[in-house]
Amino acid sequence: MATPTFLTEPEVAERLRCSTSKIKRLRLSGALSYIPGRPVLIDEADLAEYLEGVKRRQAAKLAAEHAEQARKASGTVGDPDPRMWALKAALKRSFRAKN
């Protein structure tokens, strides 16, 4: 079994290219696990877990944006109810057939 590698707050901040106060906020909000003490230690595995969570949230956000763009392109943005969309589509077809 490999021994865990621990990092201090300044080392984590350097890796994430952010401030140590941001690392402290992440710790205190529960987003980043740590070992209390002097200095505060953060396991590299916990840092990797946090980064994977950030990646998943970013991927989900991008997927939602793409889905919204697809809905806008199809013209169904204002009608989340499929029955209303079908009714409007049928009315458009019948109007076109008359003209």
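The following refers to the structure shown. Note that the structure is a prediction, hence the values are computed from the model and not measured.

1. Thoughts on helix α2 (residues 20-29)
Part 1 of the reasoning: Residues I23, L26 and R27 constitute the buried set of α2. The buried residues of α2 all sit within an arc of 100° when viewed along its axis, so they share a single face. Summarising the geometry of α2, the exposed residues directed more than 90 degrees from the buried face are R25, L28 and S29.
Part 2 of the reasoning: At its buried positions, α2 is contacted by α1 (9-16), β2 (41-43) and α3 (44-74).
Part 3 of the reasoning: In the stretch just after α2, G30 is the one whose phi turns positive, near 90°.

2. Remarks on the packing of α1 against α2
Part 1 of the reasoning: Close contact between α1 and α2 brings their axes to 8 Å; oriented N to C, the two are set at 105°. When the axis of α1 is compared with that of α2, the two are roughly perpendicular. Residues E9, P10, V12, A13 and L16 of α1 pack against T20, I23, K24 and R27 of α2.
Part 2 of the reasoning: Across the contact of α1 with α2, the residue classes break down as 5 nonpolar, 1 polar and 3 charged.

3. Some details on a nonpolar patch on the surface
Part 1 of the reasoning: A cluster of nonpolar residues, M84, L87 and L91, forms a patch on the protein surface that exposes about 280 Å² of accessible area.
Part 2 of the reasoning: Mapped onto the elements, M84 comes out in helix α4 (residues 82-98).
Part 3 of the reasoning: For M84, a relative accessible area of 39% corresponds to the partly exposed category.

4. Looking at the pattern of salt bridges
Part 1 of the reasoning: The final tally for this structure, using the stated rule, is 3 salt bridges.
Part 2 of the reasoning: With its nearest N and O atoms 2.6 Å apart, the salt bridge here joins R15 to E44. Of this pair, R15 sits in helix α1 while E44 sits in helix α3, placing them 29 residues apart in sequence.
Part 3 of the reasoning: On the basis of relative accessible area, R15 is assigned to the partly exposed category, the value being 49%.
Part 4 of the reasoning: With its nearest N and O atoms 3.6 Å apart, the salt bridge here joins K55 to E52. With K55 and E52 both in helix α3 and 3 residues apart, the pair spans about one turn of that helix.
Part 5 of the reasoning: E52 gets classed as partly exposed once you look at its relative accessible area, which sits at 38%.

Reading guide: rules and limits
Residues numbered from 1 in each chain as written. Predicted model: local features only at pLDDT ≥ 70, side-chain atom pairs only at ≥ 80, totals over all residues. Heavy atoms only, no water. Buried < 20%, exposed > 50% of the residue type's maximum accessible area, 1.4 Å probe, protein only. Helix = DSSP H or I, 4+ residues; strand = E, 2+ residues; numbered from the N terminus. Arc of directions from axis to C-beta. Contact = heavy atoms within 4.5 Å. Axes fitted to C-alpha atoms, helices over the stretch in contact; angles between N-to-C directions. Parallel < 35°, antiparallel > 145°, perpendicular 65-115°, else oblique. Nonpolar A, V, L, I, M, F, W, Y, C, P; charged D, E, K, R; others polar. Patch = residues over 30% accessible without salt bridge, like charges linked within 9 Å, V, L, I, M, F, W, Y side chains within 5 Å. Areas by Shrake-Rupley, 256 points an atom, 1.4 Å probe, with all protein chains shown as cover. Salt bridge = Lys/Arg side-chain N within 4 Å of Asp/Glu carboxyl O.

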